Amino acid sequence: MSTYPDAPGHRGVETSIAAAQALASKLGPLQRMAEKAIREAGRYGLTADELAERLKKDRYSIQPRTSELKRKGLIRDSGQRRPNSSGKLAIVWVAK
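Model, not experiment: these values are computed from the prediction.

1. Observations regarding the pattern of salt bridges
And then number 1: Counting across every chain of the model gives six salt bridges.
And then number 2: Here D49 and R59 are joined by a salt bridge, their closest N and O atoms 2.6 Å apart. Of this pair, D49 sits in helix α2 (residues 48-55) while R59 is found in helix α3 (residues 59-71), placing the two residues 10 residues apart along the sequence.
And then number 3: Overall, the relative accessible area of 15% leaves D49 in the buried class.
And then number 4: Taking the relative accessible area as the measure of exposure, R59 reaches 31% and is therefore partly exposed.
And then number 5: Of the charged contacts in the structure, one is a salt bridge between E68 and R65, with a shortest N-O distance of 2.6 Å. On the criterion of helical spacing, the pair formed by E68 and R65 is a turn pair, its members being three residues apart in helix α3. The two residues E68 and R65 agree in class, both being buried.

2. Section: the environment of Y60
And then number 1: Structurally, Y60 is set in helix α3.
And then number 2: The class of Y60 is exposed, set by a relative accessible area of 66%.

3. Considerations on the side chain of T47
And then number 1: Here T47 is to be found in the loop between α1 (14-41) and α2.
And then number 2: Residue class for T47 comes out buried when judged on its relative accessible area of 1%.
And then number 3: Ignoring sequence-local partners within four residues, the contact set of T47 consists of R82, A90, I91 and V92.

4. Concerning the nonpolar core
And then number 1: Membership of the largest hydrophobic core comes to 13 residues, with the highest contact counts inside it found for I38, L46, L51, L55 and I62.
And then number 2: Listed by contribution, the elements that provide at least two residues to this core are α1, α2 and α3.
And then number 3: Top contributing element to this core by residue count: α1, with five residues.
And then number 4: The residues touching L55, leaving out its near neighbours within four places in the chain, are M33, A34, A37 and I62.

The rules behind each value
Residues numbered from 1 in each chain as written. Predicted model: local features only at pLDDT ≥ 70, side-chain atom pairs only at ≥ 80, totals over all residues. Heavy atoms only, no water. Salt bridge = Lys/Arg side-chain N within 4 Å of Asp/Glu carboxyl O. Helix = DSSP H or I, 4+ residues; strand = E, 2+ residues; numbered from the N terminus. Buried < 20%, exposed > 50% of the residue type's maximum accessible area, 1.4 Å probe, protein only. Contact = heavy atoms within 4.5 Å. Core = buried A, V, L, I, M, F, W, Y, C linked by side-chain atoms within 4.5 Å.

Structural measurements only, silent on function.
Here you go:
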């Protein structure tokens, strides 16, 4: 069985485990879509909210993919920050 970041993470709680299991078959495609979109954004990069909007996916299914891609060494924090939908500053991700 795969482990994080190649499998969805969970907190060891029943509902979290169930959510991770439900996502497992979609994880690879979501990671590839996210990495491609971030790569295509170039130096401008994308926040998690911008990435979710670009992919027309729920932010809660996309934001964890940025942590996974960072762990895999495929993307990095650009050092830039832009406001997210709540008005707080968010990391702008760029491809490595």
